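Letter by letter, the chains look like this.
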Amino acid sequence: MTDTEIPLAQRPATQAPPRASAGAPAPSAAGRKRGWSPRRRRDFLVFLAFAAPNLVLIGVFTYLPLLNNIYYSTLDWTLGSAEATVVGFGNYLTFFTSPDAPRVLGTTAVFTVLTVGGSMVLGLLVALALNAKVKGTTFARAAVFAPYVLSGVGVGLVWLFIFDPGYGVLAWILRGVGLKSPEWINDPQLALVMVIVVYVWKNLGYCAVVFLAGLQSLPTEVMEAASLDGANGARRFLSISLPLLSPTTFFLLITTMISSLQAFDLIRIMTPLGNGTSTLIYEAYLQAFGAYNRAGYSAAISVVLFAILLVVTVLQLRFVEKKVHYA
């Protein structure tokens, strides 16, 4: 009887392949693929050709100055002087024990919180208005975004003329209704309010455009289903739109906070002496290029600002991102 005639139940079981001996190593896929193929080598060379110039530029113009600044922060050095004395952490100790440190840190915190919060809240409200399907929204979007791309120097000069208590536009309007203009420039607290208002006005267009892009990318079927279920506009925004916008909000929170901590041009133009508006970055400028002429001390303040930026960004990525709902 041939194999084809043997019933299936009576056929012998198929023999298992022989096991490898205990001493023989198991074959490795990585071992069989040692060495790069010509294609992988070519792709890597193409990657280097495109990435290497960017990496070199970033290293030369970003990380090298950062390392040099950290080194300068350990020196007692006057800008332009050929001599310097190594003081180690002396500049940092001087800053944190200085009576001006609480004022500078407090001004930085107030300026950052109010500008970030104001830009994002007003930007979201403007984005909701621009998302309406009415005539003229294209022109309105361009008008809202225009201040963001304008020069900070030009914006500061225009608003300085508006806020001037003697001959400014705001003073003229207040005199027309029988009121006296506040001393926006001379009063330290009002000067900080003035700069915050101008900074929010200039940057809310950026937040509005980013929020608008996020609103237009929301799934329409979800919003339509909520409408059919009887949810009104406010309910749909709070329960659906706002949670779905969390990635956009998280992105704006990081970018606007970094931008606010580095704000310089408006402060320099509107309050050259830093009267009540000396944030960390502007204090570093005054120490290096103002009447103090302390480059090493200024470098130490810059390193403190860098450390704050790094810590804030890491904390946001570590804790705030957990509350972000990615679709």
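Everything numeric in this text was worked out from a predicted model, so none of it was measured.

### Observations concerning the environment of Leu67
Stage number 1. With respect to the helices and strands, the residue Leu67 is situated in helix H2 (residues 38–72).
Stage number 2. Once the C-alpha coordinates of Leu67 and Val303 are considered, the two residues, 236 residues apart in sequence, prove to be 9.9 Å apart.

### Let's talk about helix H14 (residues 295–318)
Structurally, the α-helix is built with 3.6 residues per turn, so residues lying three or four positions apart point the same way.
Stage number 1. Its 24 residues place the ends of H14 34 Å apart at the C-alpha level, agreeing with the 34 Å of an ideal helix rising 1.5 Å per residue.
Stage number 2. Here H14 has its buried residues at Ala295, Gly296, Tyr297, Ser298, Ala299, Ala300, Ile301, Val303, Val304, Leu305, Leu309 and Gln316.
Stage number 3. Contacts from the buried residues of H14 go to H2, strand E1 (75–77), helix H3 (90–97), helix H11 (246–261) and helix H13 (280–289).

### Here we look at the packing of aromatic side chains
Stage number 1. In this structure the tally under the stated criterion is 17 aromatic pairs.
Stage number 2. Arranged with centres 5.3 Å apart and planes meeting at 35°, the rings of Tyr72 and Trp77 form a pair that is tilted.
Stage number 3. Overall, Trp77 belongs to the buried group, its relative accessible area being 19%.
Stage number 4. With 6.0 Å between their ring centres and 45° between their planes, Phe161 and Tyr167 make a pair best called tilted.
Stage number 5. For Phe161, a relative accessible area of 41% corresponds to the partly exposed category.

### A closer look at the nonpolar core
Stage number 1. If you look at the biggest cluster of nonpolar residues, it comprises 30 residues, and the most contacted ones within it are Phe95, Met120, Cys207, Phe211, Leu252, Leu280 and Ile301.
Stage number 2. Those elements that provide at least two residues to this core are H3, helix H4 (100–130), helix H8 (188–216), H11, H13 and H14.
Stage number 3. Those residues in contact with Ile301 that lie beyond four places of it in its chain are Phe95, Leu280, Glu283, Ala284 and Gln287.
Stage number 4. Grouped together as the second largest cluster of nonpolar side chains are 20 residues, Val195, Val198, Leu266 and Ile267 included.

### Considering the confidence of the model for the chain
Stage number 1. A residue-level look at the chain finds 87% of positions with pLDDT of 70 or above and a mean pLDDT of 84.
Stage number 2. Overall, residues 1–6 carries pLDDT values under 50, and its contacts beyond four positions in sequence, including any with other chains, amount to four contacts.

### Describing the packing of helix H5 (residues 137–149) against H8
Stage number 1. At a minimum axis distance of 6 Å, the contact between H5 and H8 shows a crossing angle of 130°. Put simply, H5 runs oblique to H8. Remark: the crossing between H5 and H8 carries left-handed chirality. Between H5 and H8, the contacting residues are Arg141, Val144, Phe145, Pro147 and Tyr148 on the first element and Trp201, Lys202, Asn203, Leu204, Gly205, Tyr206, Ala208, Val209, Leu212 and Gln216 on the second.
Stage number 2. Looking at side-chain class alone, the contact of H5 with H8 contains ten nonpolar, three polar and two charged residues.

The rules behind these values
- Each chain has its residues counted from 1, following the order in which its sequence is written.
- At least 70 in pLDDT is required for a residue's local features to be given in this predicted model, at least 80 for side-chain atom pairs to be given and counted, and no such filter applies to totals for whole chains, interfaces and linings, which use all residues.
- Side-chain measures here rest on the full set of heavy atoms in the structure, leaving out hydrogens and waters.
- Numbering of helices and strands starts at the N terminus; helices are DSSP runs of H or I of at least 4 residues and strands are runs of E of at least 2.
- Given the number of residues in a helix, its expected span is that number minus one, multiplied by 1.5 Å.
- Each residue is assigned to one of three classes by its accessible area relative to the maximum for its type, calculated with a 1.4 Å probe on protein chains only: buried under 20%, partly exposed between the two thresholds, exposed over 50%.
- By the convention used here, residues are in contact when the closest approach between their heavy atoms is within 4.5 Å.
- Pairing of aromatic side chains here covers Phe, Tyr and the six-membered ring of Trp, requires ring centres within 6.5 Å, and sorts the geometry by plane angle: under 30 degrees stacked, over 60 edge-to-face, intermediate tilted.
- Side-chain atoms within 4.5 Å are what join buried Ala, Val, Leu, Ile, Met, Phe, Trp, Tyr and Cys residues into a set we call a nonpolar core.
- You can read pLDDT as the predictor saying how much it trusts each residue, on a scale of 0 to 100.
- Axis definition: a line fitted to C-alpha atoms, limited for helices to the stretch in contact. Angles are taken between N-to-C directions and run from 0 to 180 degrees.
- Oblique is the label for any angle not covered by the other classes, which are roughly parallel (under 35 degrees), roughly antiparallel (over 145) and roughly perpendicular (65 to 115).
- Handedness of a crossing follows from how the near helix is turned relative to the far one, being left-handed for an anticlockwise turn of less than a right angle and right-handed for a clockwise one.
- Amino acids are sorted into nonpolar (Ala, Val, Leu, Ile, Met, Phe, Trp, Tyr, Cys and Pro), charged (Asp, Glu, Lys and Arg) and polar (every other residue, Gly among them).

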